[in-house]
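Understanding the architecture of this molecule
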Amino acid sequence: QVQLVESGGDLVQPGGSLRLSCVASGGIFSTSAMGWYRQAPGKQRQLVASITRGGTVDYADSVKGRFTISRDVAKNTMYLQMNNLDPEDTAVYYCHLQSALSGKAYWGQGTQVTVSS
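The following paragraphs examine the structure supplied in this document. (Residues numbered from 1 in each chain as written. Predicted model: local features only at pLDDT ≥ 70, side-chain atom pairs only at ≥ 80, totals over all residues. Heavy atoms only, no water.)

Another aspect to go through is the packing of aromatic side chains. What the rule picks out here adds up to 1 aromatic pair. When the centroid spacing of 4.9 Å and the interplanar angle of 65° are considered together, the rings of Y37 and W107 count as edge-to-face. Of this pair, Y37 sits in strand 4 (residues 32–39) while W107 sits in strand 10 (residues 105–107), placing them 70 residues apart in sequence. We classify W107 as partly exposed; its relative accessible area is 38%. One cation-aromatic arrangement involves R45 over Y94; the distance from NZ or CZ to the ring centre is 3.7 Å. Lying across the ring of W107, R45 places its NZ or CZ 4.7 Å from the centre. (Phe/Tyr/Trp six-rings, centres within 6.5 Å; stacked < 30°, edge-to-face > 60°. Helix = DSSP H or I, 4+ residues; strand = E, 2+ residues; numbered from the N terminus. Buried < 20%, exposed > 50% of the residue type's maximum accessible area, 1.4 Å probe, protein only. Lys NZ or Arg CZ within 6 Å of the ring centre and 35° of its normal.)

The topology assignment puts S99 in strand 9 (residues 91–99). A polar contact of 3.1 Å, which involves the side chain of S99, links it to the backbone nitrogen of S102. If sequence neighbours within four positions are ignored, S99 has contacts with I28, T31, S32 and K104. (Polar contact = N/O pair within 3.5 Å; in protein donor to acceptor, adjacent residues only side chain to side chain. Contact = heavy atoms within 4.5 Å.)

Tallying each qualifying case throughout the model produces 1 disulfide. Shown here is the disulfide that connects C22 with C95, its sulfur atoms set 1.9 Å apart. Here the disulfide of C22 and C95 is left-handed, its torsion about the S-S bond being about -75°. Highlighted residues: C22 in strand 3 (residues 18–25) and C95 in strand 9, separated in sequence by 73 residues. (Disulfide = S-S within 2.5 Å.)

Right, let's get into the sheet that holds strand 1 (residues 3–7). Spatially, 1-3-8-7 is the arrangement adopted by the 4 strands of the open sheet, whose pairing is antiparallel. Because the sheet does not close on itself, it has two edges, and the strands there are strand 1 and strand 7 (67–72). Sheet twist, expressed as the average angle between the axes of neighbouring strands with direction ignored, equals 15°. (Pairing = 2+ DSSP bridges. Axes fitted to C-alpha atoms, helices over the stretch in contact; angles between N-to-C directions.)

A few words on the environment of T114. Summarising the element assignment, T114 is placed in strand 11 (residues 111–115). Separated by 113 residues in sequence, T114 and Q1 have C-alpha atoms that sit 31 Å apart. One polar contact links T114 to Q112, side chain to side chain, over a distance of 3.3 Å.

So, in structure tokens, the structure goes:
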């Protein structure tokens with residue numbers, strides 16, 4: 001069974017940094033594309049960063065140069081390093097996995113990131 005668990009969300013000052021983690025269980029990590037989405041109150045859920053099975057990464061324009069997506073296959077864990085955070089980054093951040101074998105999509109429960117002075 002596939003399960004995604006995010007962690008690392010917190011309250012931080014503008015300009016600060018956070019590192020989000022997503023642990024994937026179910027033996028599907030190595031055959032999946034993964035990404036991070038975020039959703040602020042009253043807003044649509046939006047893709048922040050993605051990484052393919054081959055390691056190709058992509059970012060939303062608003063986070064380019066500040067966020068870095070990566071994953072550790074041995075640990076079944078995906079990360080989002082967020083630097084120079086801005087209040088506009090405040091949102092619930094969700095881990096997402098897309099299986100290359102079944103085509104099914106999976107979501108984590110979300111972790112709250114709040115950027116405020």
